[in-house]
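One-letter residues, chain by chain:
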Amino acid sequence: MAARGRAVTRLSRGTLPEVRHDRVQLPPPPALAQQVGILHLGIGAFHRAHQAVFTEDAALASDQEGWGICGVTQRSAAVVDQLRPQDCLYAVLERGVGDPSVRVVGQVSDVLFAAEEGPRLTARFADPAVRLVTLTVTEKGYRRGSDGGLDLTDPVVAADLAGGARSTVGQLVRGLQARRAASAGPVSVLSCDNLTGNGEVLRRLVMDFCRALPSAEGDAIGSWVEQHVAFPSSMVDRIVPATTDADRADAATLLGVVDQALVVAEPFRQWVVEDAFAAGRPAWERAGADLVDDVEPFEQLKLRMLNGTHSLLAYLGALRGYETIAEAVSDAELASAAQRLMREDVAPTLEQPPGLDVTAYGETVLERFANPALRHRTTQVAMDGSQKLPLRLLTTVRDRLAAGATPEWASLAVAAWMAYVAAGRDRHGRQLPLDDPLADRLRSAVGTGSDPVAVATGLLGVREVFGDDLRDSAVFRDALVRHLKELL
Ligand code: CS2
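It should be emphasised that the depicted structure is a prediction, and the values quoted were computed from it without experimental measurement.

Section: the environment of glycine 14
- For glycine 14, the location among the structural elements is in the loop between strand 2 (6-7) and strand 3 (24-25).
- Along the backbone, glycine 14 and lysine 302 are 288 residues apart, and their C-alpha atoms lie at a distance of 41 Å.

Below you can see the structure in the form of structure tokens.
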């Protein structure tokens, strides 16, 4: 491959000597991560920039072998093509204030494409050395119905119940069945997605799947899961925008070699994990993670303050024609809306997490959003609104309504999502992508998209998003219509 007129080698174990040792943090020797102890479902950019980094730092700090990661990609073989030729090495390009920095991570030691390598996946589940299954499959990957349980009407789930293993929960249960058959021992399943009570949620989905199997089969695996599988909760935080060609070019200059599996991230990272594992865990506390008894206050704080505000800025920002979150938050009106959402709507609903100041947390969030070097696109955060809003904004709306208050700013955020769906264009007439598993339903719910009352009523009728309670709340509807009149 040629770049800037010179031959450029691709990153791999064999080419590590060509990496610029003076300015790049190199991975530990391969022995540290050779033995796979973690099976990770959903090896996208987020996992590589977050849990893999914590795990490598923990292994290094405690000189602990046996927690190498086997990454599973669910939907596309592209990740395998990026990682396999590089011996699963990749770099994390950190963009903060000042010059970017780069490190090469070696904690991932295997990667597989679930759709084409089913037997290898099963073998990993059945391997006693694997003691932890971690997940980043995004909100929609859980395939929950409107009651929060597994959506048994989902065709992929139905196919999995008939013997397949394509959905995340189907894959998990089929894998756990193989583990049981192999007597491979207890295991922990750790969700690292932005869901409230993600451990409990996942346990419920797994049990729902077991119960929907033919009864003898379902009983057998269901009671095995109850006895042998732990589902700790965790709160994950690091802003990881989609990698661009410009990022890859910058990283190549810093590294001296080309990395096709590069990920980009902000310097900040946080991981709060419920310390309730069935078969051990890496010494993540040695890498700066917080191992606690109860994750819930941290999850609420993060989802409502950070993710809720992120969505507000994404929809309002995209409508105003801003390409990035940093541009959106540099607009004084939007920054003020973000602040007021956190202060006036979210903060009163929060339980104070131990050792954390909610106001200071909010300020840090806005500083992180203002990082111009990240170039996190508004339309990326705007994706999958139907899946994200209930968790990050509608929880706040419900709590405020129950307290007899009008959630003005949370309603503005929801109205901005509605306007984004209904208008489909920013104020310069440029098209806004509607990337959402419910896209067709949402489009038909908004009608012509220009009448605020019709837009609010149509979208409030999407039960998976709003339930019956919010559809029927006059206070919420009035607030939405008021904001939509401005926005549309
Ligand atoms: C963002 C999150 O895309 C989104 O919905 O709000 O991915 C956010 O960047 C992370 O949760 C930060 O930890």
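Moving on, there is more to tell.
Some details on the sheet that holds strand 6 (residues 90-94)
- Spatially, the four strands line up as an open sheet ordered 3-7-6-13, and their pairing is mixed. Each having just a single partner strand, strand 3 and strand 13 (263-265) make up the two edges of the open sheet.
- Direction of pairing for strand 3 relative to strand 7 (residues 101-105): parallel, over a ladder of two bridges. Counted as the bridge partner of glutamine 25 is arginine 103 from strand 7.
- Contacts between helix 10 (residues 245-255) and the sheet are confined to strand 3, strand 6, strand 7 and strand 13, with strand 6 contributing the most and set at about 105° to the helix.

Things to note about the environment of glutamate 344
- Within the secondary structure layout, glutamate 344 lies in helix 13 (residues 332-346).
- Along the chain, glutamate 344 and alanine 410 lie 66 residues apart, while their C-alpha atoms are 9.4 Å from each other.

Remarks on the UniProt feature "domain: Mannitol dehydrogenase N-terminal" (unreviewed entry) in the protein
- Per the UniProt record, the feature "domain: Mannitol dehydrogenase N-terminal" (unreviewed entry) sits at residues 37-285.
- With 37% helix and 20% strand, residues 37-285 has its two end C-alpha atoms placed 18 Å apart.

A word on the site of the ligand
- Around the ligand, a shell composed of Asn194, Asp237, Arg238, Ile239, Asn307, His310, Gln380, Val381 and Lys388 is seen.
- Two domains each provide a minimum of three residues to the shell around the ligand, namely domain 1 (16-292) and domain 2 (296-487).

Some remarks on the pairing of strand 14 (residues 270-274)
- For strand 14, a buried count of four out of five residues is recorded, marking the element as mostly surrounded by other parts of the structure.
- The pairing of strand 12 (residues 234-237) with strand 14 spans four bridges and is antiparallel. Each bridged residue has a counterpart across the sheet, and for aspartate 237 the counterpart in strand 14 is glutamine 270.
- Two strands pair when backbone bridges link them, and strand 14 and strand 15 (residues 290-292) are joined in this way by three bridges, in the parallel orientation. Across the sheet, the residue bridging to valine 272 is aspartate 290, located in strand 15.

Examining unusual backbone geometry
- In this model, aspartate 87 sits at a positive phi of 55°, which is unusual for a non-glycine residue.
- Among the structural elements, aspartate 87 can be located in the loop between helix 4 (78-83) and strand 6.
- By C-beta crowding, aspartate 87 is classed as partly exposed, having 19 other C-beta atoms within 10 Å.
- A positive phi angle is found at arginine 143, which is not glycine, with a value near 50°.

Points about the domain arrangement of the protein
- Its domain assignment divides the protein into domain 1 (16-292) and domain 2 (296-487).
- The C-alpha-based centres of domain 1 and domain 2 are spaced at 28 Å.
- Listed per partner, the contact involves 20 residues of domain 1 and 25 residues of domain 2.
- Classifying every residue of the side of domain 1 that touches domain 2 gives eight nonpolar, seven polar and five charged.

Structural notes on helix 5 (residues 118-125)
- Among the residues of helix 5, those classed as buried are Leu121, Arg124 and Phe125. Relative to the axis of helix 5, the buried residues are bounded by an arc of 100° and lie together on one face.
- Buried-residue contacts for helix 5 involve strand 4 (36-41), strand 5 (68-73), strand 8 (108-113) and helix 7 (168-181).

Brief notes about the sheet that holds strand 15
- Spatially, 12-14-15 is the arrangement adopted by the three strands of the open sheet, whose pairing is mixed. Each end of this open sheet is capped by a strand with a single partner; those strands are strand 12 and strand 15. Strand-to-strand twist in this sheet, taken as the mean axis angle between neighbours without regard to direction, amounts to 15°.

A look at the confidence of the model for the protein
- The predicted model of the protein has a mean per-residue pLDDT of 96, with 99% of residues at 70 or higher.
- With a pTM of 0.96, the predicted complex shows an ipTM of 0.99.

Digging into the packing of helix 18 (residues 408-423) against helix 20 (residues 452-460)
- Between helix 18 and helix 20, whose axes approach to 10 Å, the crossing angle comes to 105°. With respect to helix 20, the element helix 18 is oriented roughly perpendicular. Taken together, the residues of helix 20 that come into contact with helix 18 (itself represented by Met418, Val421 and Ala422) are Val455, Ala456 and Leu459.
- Counted by class, the contact of helix 18 with helix 20 contains six nonpolar, no polar and no charged residues.

With respect to the environment of methionine 383
- Mapped onto the fold, methionine 383 is located in the loop between helix 15 (378-382) and helix 16 (385-392).
- Sequence separation between methionine 383 and aspartate 435 is 52 residues, and the spatial gap between their C-alpha atoms is 5.2 Å.

Observations regarding the nonpolar core
- Counting 142 residues, the largest nonpolar core has Tyr315, Ala413, Ala416 and Met418 as its most contacted members.
- Broken down by element, the residue count for this core peaks at 13 residues, all from helix 18.
- Summarising the domain contributions, this core has at least three residues from each of domain 1 (16-292) and domain 2 (296-487).
- When sequence neighbours within four positions are dropped, the list of residues in contact with alanine 416 reads Leu312, Tyr315, Leu316, Leu319 and Leu487.

What counts, and where the lines are drawn
Residues numbered from 1 in each chain as written. Predicted model: local features only at pLDDT ≥ 70, side-chain atom pairs only at ≥ 80, totals over all residues. Helix = DSSP H or I, 4+ residues; strand = E, 2+ residues; numbered from the N terminus. Pairing = 2+ DSSP bridges. Contact = placed C-beta atoms within 7 Å. Axes fitted to C-alpha atoms, helices over the stretch in contact; angles between N-to-C directions. UniProt positions renumbered as here; feature names shortened; annotations may be inferred. Near = placed C-beta within 6 Å. Domains from an automatic or database assignment. Buried ≥ 20, exposed ≤ 12 C-beta atoms within 10 Å, placed from the backbone. Nonpolar A, V, L, I, M, F, W, Y, C, P; charged D, E, K, R; others polar. Arc of directions from axis to C-beta. pLDDT = per-residue confidence, 0-100. Parallel < 35°, antiparallel > 145°, perpendicular 65-115°, else oblique. Core = buried A, V, L, I, M, F, W, Y, C linked by C-beta atoms within 7 Å.

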